[in-house]
Amino acid sequence: MRKPLTLIVDDEPDIRELLEITLNRMNIQTHCAENIGRAKILLQQKIFDLCLTDMKLPDGNGLDLVDSIQAMSVPIPVAVITAHGNMDTAILAMKKGAFDFISKPIDLAALRQIIISALKLSDPTTAKERRTRQTLLGESSIMREIRTKIDKLARSQAPVYISGESGSGKELVARLIHQQSSRSDKPFIAINCGAIPHELMESEFFGHKKGSFTGAVSDKKGIFQAAEGGTLFLDEIADLPLSLQVKLLRAIQEKKIRTLGEQQEILVDIRLLSATHRNLADMVQAGNFRQDLYYRINVIDLHVPPLRERSTDIPALTEHILARLTDNSDKPFLSASALAALQRYQFPGNVRELENILERALALYDGKSIEIDDLNLPVGTHNLPDSQVYDPALGSLEDYLEEIERKAIVIALEENKWNKTAAAKQLGLSFRSLRYRLKKLALDN
């Protein structure tokens, strides 16, 4: 079995020797380069599994090497070595695609953790099956783009800030990043920061020792320890009090925490993902969220769109939700008018609201199909975009619904470059059903 091969790039002989000894003891082969020029030659000559590079090199910046490796046909994980406290450089490196960073003086335990995680990405035996398409449903262009980003982000350790409205699927996106990553065999811990009383937050995050405060009758691990080796997802991070924001910032920068009642700091190995439905940039301006913490958690920004911005995905989502709610037994279908009503509804509660509406409809419908009345949508045109409010002067309701259907089909066809098979899949229809609708709507020319 081939030993992993790592490229070490540093102009200091002592550092190169330290890294070589550490990796050799881990049964990892190494090649060293003292500058970027030599590193690029070695990258052309050999197949590496990992690169460790200093940031300050005689013939350039380590960021140049990160760019070069990212441009390779098969990029390898790159971990950058930064000067102590130089987080801005580390963040920039991760934005460019670096796997992770480690600060000088090098903590060998932290270094070994980074190496183990990085090598999992290069190991073909741990390759992940790409199942985001079956979990994060939707064939709209925006959802395809998000799935592509998830696959890319899973190959990094960079903190990701997931923005989006309540109910849009932010935690699902976080889980998929974890499941596709080298940390998938370790815990995924999700915490809603708004659900924890402020006086208990520090204990919940970092744990406490018995007797450290009134009521601490036994030792307790915090969520950082619970997520060791895995991923920590902080939902509604905007609800963190300023006092805890300071401690969280230090934990991210130093990769260490201090348990309440303990003097010694402990090393923690977690990937941080965070989310909120609130506008953090506005909160920074108002002084309610620390700017330095905002920059640390927002290394990569991933926006999850509201359901109203991807209405062409509603048929597929509806099909999936109904199948899940009925265990695929006696699954009803939505009438064309009911489906059209869902596609023009604005869904302030997003996918979560769609699930609630369909669950309620299953309890109300009588027969084989779910009709508009079964959906029990809020009454009033305030739920519709101005361009889609029904005006009787424009014709019958049937004509109006046909126009909605025509628009949805044309959008799907255009997004799939008029590939009918792909468009039918996006709309949650069989190819035969789409062909029938195209003929009925005179779109089959």
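Conventions we followed
Residues numbered from 1 in each chain as written. Predicted model: local features only at pLDDT ≥ 70, side-chain atom pairs only at ≥ 80, totals over all residues. Heavy atoms only, no water. Helix = DSSP H or I, 4+ residues; strand = E, 2+ residues; numbered from the N terminus. Buried < 20%, exposed > 50% of the residue type's maximum accessible area, 1.4 Å probe, protein only. Contact = heavy atoms within 4.5 Å. Areas by Shrake-Rupley, 256 points an atom, 1.4 Å probe, with all protein chains shown as cover. Lys, Arg positive; Asp, Glu negative; His and termini not counted. Charge placed at Lys NZ, Arg CZ, Asp CG, Glu CD. 1 Å grid on protein atoms, 1.4 Å probe; cavity = no way out; pocket = protein on both sides within 12 Å on 5 of 7 lines; lining within 4 Å. Points joined across faces, edges and corners; volume = space filled by probe spheres on them. Nonpolar A, V, L, I, M, F, W, Y, C, P; charged D, E, K, R; others polar. Patch = residues over 30% accessible without salt bridge, like charges linked within 9 Å, V, L, I, M, F, W, Y side chains within 5 Å. Salt bridge = Lys/Arg side-chain N within 4 Å of Asp/Glu carboxyl O. Pairing = 2+ DSSP bridges. Axes fitted to C-alpha atoms, helices over the stretch in contact; angles between N-to-C directions. Phe/Tyr/Trp six-rings, centres within 6.5 Å; stacked < 30°, edge-to-face > 60°. Lys NZ or Arg CZ within 6 Å of the ring centre and 35° of its normal. Disulfide = S-S within 2.5 Å. Expected span 1.5 Å × (residues − 1). Polar contact = N/O pair within 3.5 Å; in protein donor to acceptor, adjacent residues only side chain to side chain.

Colleague: What should I look at first to understand the overall build of the protein in this one?
Modeller: Along its length, the protein carries 20 helices and 16 strands. On the principal axes, the C-alpha backbone points of the protein span a range of 80 × 60 × 45 Å. Per-residue burial over the protein gives 47% buried out of 445 residues. Of the contacts formed within the protein by residues at least 6 apart in sequence, a portion of 69% connects residues at least 24 apart. Here the protein displays about 22100 Å² of accessible surface, and carbon together with sulfur accounts for 50% of that area. Taking the average location of the 57 positive side-chain charges in the protein and that of its 60 negative ones, the two points are 5 Å from each other.

Colleague: Explain empty space enclosed by the protein here, please?
Modeller: Rolled over the atoms, a probe as big as a water molecule pinpoints where empty space is left. This structure, assessed with the given rule, holds one cavity of 30 Å³ or more. Of the volumes computed, that of the largest cavity is approximately 130 Å³. Surrounding the largest cavity, Pro315, Ala336, Leu339, Ala340, Gln343, Glu405, Ala408, Ile409, Leu427, Leu429 and Arg437 form its lining. Of all the elements in the fold, those that place two or more residues in the lining of the largest cavity are helix H15 (336–344) and helix H18 (397–415). Looking at the lining of the largest cavity element by element, the count peaks at four residues for H15. Of the residues belonging to the lining of the largest cavity, the class tally is eight nonpolar, one polar and two charged.

Colleague: Is there a simple way to think about a negative patch on the surface in this case?
Modeller: Judged by side-chain charge, Asp11, Glu34, Asp59 and Asp64 come together as a negatively charged surface patch. Note on placement: Asp59 falls in the loop between strand E4 (56–57) and strand E5 (60–61). Relative accessible area serves as the criterion here: at 42%, Asp59 is assigned to the partly exposed category.

Colleague: I would appreciate a short explanation of the pairing of strand E13 (residues 271–276) in the present structure.
Modeller: As a general feature of sheets, a regular strand has side chains that alternate between the two faces. Within E13, six of the six residues are buried, leaving the element largely enclosed by the surrounding structure. Side chains Arg271, Leu273 and Ala275 project from E13 onto one buried face, and the interleaved Leu272, Ser274 and Thr276 project onto a second face that is buried too. Where strand E8 (residues 160–163) and E13 come together, four bridges link them in parallel fashion. Bridge pairing links Ile162 to Ala275 in E13.

Colleague: What is the right way to read unusual backbone geometry from this model?
Modeller: With the exception of glycine, most residues fall at negative phi, and the peptide bonds are largely trans. With omega at -10°, the peptide bond leading from Lys104 into Pro105 counts as cis. Note on placement: Pro105 falls in the loop between strand E7 (100–103) and helix H5 (108–122). Not every positive phi belongs to a glycine, and Glu236 is a case in point at roughly 50°. Here Glu236 lies in the loop between strand E10 (231–235) and helix H11 (242–254).

Colleague: What should I look at first to understand the sheet that holds strand E1 (residues 5–9) in this one?
Modeller: Working definition: the strands of a sheet are paired by backbone hydrogen bonds and lie parallel or antiparallel to each other. Taken together, the five strands give an open sheet; going across it, the order is E2-E1-E3-E6-E7, and neighbouring strands pair in parallel fashion. Each of the sheet's edge strands pairs with one partner strand only, and the pair in question is strand E2 (29–33) and E7. Neighbour-to-neighbour, the strand axes of this sheet turn through a mean angle of 20°, independent of strand direction. The pairing of strand E6 (residues 78–82) with E7 spans four bridges and is parallel. Of the residues in E7, the one forming a bridge with Ala79 is Asp100. Lying over the sheet, helix H1 (residues 13–25) contacts E1, E2, strand E3 (50–54) and E6, oriented at roughly 165° with respect to E2. This element, helix H2 (residues 36–45), spans E1 and E2 of the sheet and lies at about 140° to E2.

Colleague: In this structure, what is going on with the packing of aromatic side chains? I would like to understand it.
Modeller: For any two aromatic rings, the description comes down to two numbers: the centre-to-centre distance and the angle of the planes. Applying the stated criterion across every chain yields a total of six aromatic pairs. Measuring from ring centre to ring centre gives 6.0 Å for Phe205 and Phe206, while their planes differ by 65°; the resulting arrangement is edge-to-face. Like Phe206, Phe205 is buried. Just above the ring of Phe101 sits the side chain of Lys255; from NZ or CZ to the centre is 4.3 Å.

Colleague: Teacher, can you tell me more about the state of the cysteines here?
Modeller: In protein chemistry, a disulfide is the covalent bond that joins the sulfur atoms of two cysteines. A full pass over the atoms with the stated rule returns zero disulfides. You can see Cys51 has no disulfide; the closest cysteine sulfur is in Cys32, sitting 11 Å from it.

Colleague: Teacher, can you tell me more about the sheet that holds E13 here?
Modeller: The strand order across the open sheet formed by five strands is E9-E10-E13-E8-E14, and the pairing between neighbours is parallel. Each edge of the sheet is formed by a strand with only one pairing partner; in this case those strands are strand E9 (188–192) and strand E14 (300–303). Ignoring which end each strand starts from, the neighbouring axes of this sheet average 20° apart. In this sheet, E14 lies alongside E8 in parallel orientation, the contact comprising four bridges. Pairing of Ser163 across the sheet is with His303, part of E14.

Colleague: Looking at this model, I keep getting lost on helix H14 (residues 314–326). Mind explaining?
Modeller: An α-helical turn contains 3.6 residues, so any two residues separated by three or four positions project in the same direction. End to end, H14 covers 18 Å across 13 residues, agreeing with the expected 18 Å (1.5 Å per residue, within 8%). Among all positions of H14, only Ile314, Pro315, Leu317, Thr318, Ile321, Leu322, Ala323 and Thr326 are buried. Residues of H14 that are buried make contact with strand E15 (333–334), H15, helix H16 (350–364), strand E16 (369–370) and helix H19 (420–427).

Colleague: Help me understand the side chain of Arg296, please; the structure alone is not making it clear to me.
Modeller: Turning to its location among the elements, Arg296 is positioned in helix H13 (residues 291–297). At 2.9 Å, the side chain of Arg296 and the side chain of Gln253 are in polar contact. Those residues in contact with Arg296 that lie beyond four places of it in its chain are Met87, Asp88, Ile91, Pro159, Leu249, Ile252 and Gln253.

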